Amino acid sequence: MTAATWKGLSDTFKDQIWKHVTTSFIVDEFYKKHIFRRMMKLWRDNRSLVMKEVEEQAKVVSLQRAAALLKPNNIESMDEWLALIKYRTSVEFKEKCEKFKRMRAGRTLLHRTSRKSFARLEEELKEQSENPDLISRSDIWIHAYEAKKKKGSYEVVEDPEIVKMVAGPFLLGDGTRAKGTKDDQNRIELLSWFEMGEEVVAIAKLESKDPNVKVHHVPLGHECWKVWVLDVFEDIALYRPTREFGTLSMAQGSTIAWPIKYIRQV
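Residues numbered from 1 in each chain as written. Predicted model: local features only at pLDDT ≥ 70, side-chain atom pairs only at ≥ 80, totals over all residues. Heavy atoms only, no water.

Side note on the overall build of the chain
Per the secondary structure count, the chain includes nine helices and seven strands. When burial is assessed residue by residue, the chain has 37% of its 266 residues classed as buried. Considering only contacts within the chain whose residues lie at least 6 apart along the sequence, 54% involve residues at least 24 apart. Here the chain has roughly 16,800 Å² of accessible surface; of this, 52% comes from carbon and sulfur atoms. (Helix = DSSP H or I, 4+ residues; strand = E, 2+ residues; numbered from the N terminus. Buried < 20%, exposed > 50% of the residue type's maximum accessible area, 1.4 Å probe, protein only. Contact = heavy atoms within 4.5 Å. Areas by Shrake-Rupley, 256 points an atom, 1.4 Å probe, with all protein chains shown as cover.)

Topic: the pattern of salt bridges
Under the criterion given, the structure shown has six salt bridges. With a closest N to O distance of 3.2 Å, E234 and R44 form a salt bridge. With E234 in the loop between strand 5 (224-232) and helix 9 (248-251) and R44 in helix 2 (residues 32-58), this pair connects stretches of sequence that are 190 residues apart. For E234, a relative accessible area of 19% translates into the label buried. (Salt bridge = Lys/Arg side-chain N within 4 Å of Asp/Glu carboxyl O.)

Considerations on the sheet that holds strand 5
Sheet strands pair by backbone hydrogen bonding; their relative direction is either parallel or antiparallel. If you trace the five strands from one edge of the open sheet to the other, you get 6-5-2-1-7, paired in antiparallel fashion. Looking at strand neighbours, the two that pair on one side only are strand 6 (255-259) and strand 7 (263-265), the edges of this open sheet. Here the average twist between neighbouring strands, direction ignored, is 50°. Note that strand 2 (residues 200-208) and strand 5 share six bridges and pair antiparallel. Bridge pairing in strand 5 places I203 opposite D231. (Pairing = 2+ DSSP bridges. Axes fitted to C-alpha atoms, helices over the stretch in contact; angles between N-to-C directions.)

As for the side chain of T255
Position of T255 relative to the elements: it lies in strand 6. Residue classification places T255 among the buried residues on the basis of a relative accessible area of 14%. The contact partners of T255, leaving out residues within four places of it in the chain, are E207, V215, H216, K226, V227 and W228.

Details of the packing of aromatic side chains
Using the criterion set out here, one finds three aromatic pairs in the structure. Judged by centre distance (6.0 Å) and plane angle (50°), the ring pair of W18 and F36 falls under tilted. In this pair, W18 is assigned in helix 1 (residues 11-24) and F36 in helix 2, connecting sequence segments 18 residues apart. According to the relative accessible area criterion, W18 is buried, its value standing at 8%. Both rings, one in W193 and one in Y239, keep their centres 5.3 Å apart while their planes meet at 85°; by these two values the pair is edge-to-face. With W193 in the loop between strand 1 (187-191) and strand 2 and Y239 in the loop between strand 5 and helix 9, this pair connects stretches of sequence that are 46 residues apart. In this structure, R37 packs its charged tip against the face of F233, placed 4.1 Å from the ring centre. (Phe/Tyr/Trp six-rings, centres within 6.5 Å; stacked < 30°, edge-to-face > 60°. Lys NZ or Arg CZ within 6 Å of the ring centre and 35° of its normal.)

Quick look at helix 2
The end-to-end C-alpha distance of helix 2, which contains 27 residues, comes to 39 Å, matching closely the 39 Å that a straight helix rising 1.5 Å per residue would cover. Inspection of helix 2 places F36, M39, M40, W43, R47, V50, M51 and V54 among the buried residues, and these make up the whole buried set. Of the surrounding elements, those touching the buried residues of helix 2 are helix 1, helix 3 (63-69) and helix 4 (78-88). (Expected span 1.5 Å × (residues − 1).)

So, the environment of V213
Here V213 lies in the loop between strand 2 and strand 3 (214-215). Classification of V213 by relative accessible area gives partly exposed; the value is 21%. C-alpha of V213 to C-alpha of W225: the two residues are 12 residues apart in sequence and 9.3 Å apart in space. Each residue touching V213, except ones within four places of it in the same chain, is listed here: S208, V218, P219, L220 and K226.

Everything listed here is a matter of coordinates, which is why it stays silent on function.
What follows is the structure, encoded as structure tokens:
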């Protein structure tokens, strides 16, 4: 819990967690990335909950006393625990929290698959499809975010605005989606450009490598590619903010410039 970020946890520790998961459950290696992503979310949520309890208790007693009373049993070092509390109660951290609250408030699309992962949704859609190879990330995204006609049904009520947002490049002249479009050939992963490691923050489609192409009225240049943002996993600041967009979630369904060295083709 005292690690600064999920990335700060050692690979050895994460391997031990995965070993525990596979010992307790029958799960394929394919789902490891998705399980760890969910685990990271739970890890963050639990830490936030504990911090809130410490802050509430500190209103009655001192912060030092509250920290001692509520120290989790799995944290051995009191110094590390106090260092974490000091950081989480700092002005710098509070400002960062407010910033991300404003980002979340700007989201307009609701995820409609409850706790079901995209990997599981993809598997179910392919099982029901006559042409499973033609199920693209765009199809999965639309099924995840659009309303269903009735409970238990995978038939969606297509919202023209959502379809336009996620499948805009593949729409035919009459507004219908092109069937069998192999958009996955240009599928790429966007990596975080300001943190160490190779955290995938979004899935996108490569639009152009031409340095002369303009993205929101600004030439692309030689250090970036033009990409269409499809699916956002971690809402971070854009490499080149624009008047319209400042973060990845705000740019979802539109084109942005992303640094080449932080793009991974899949």
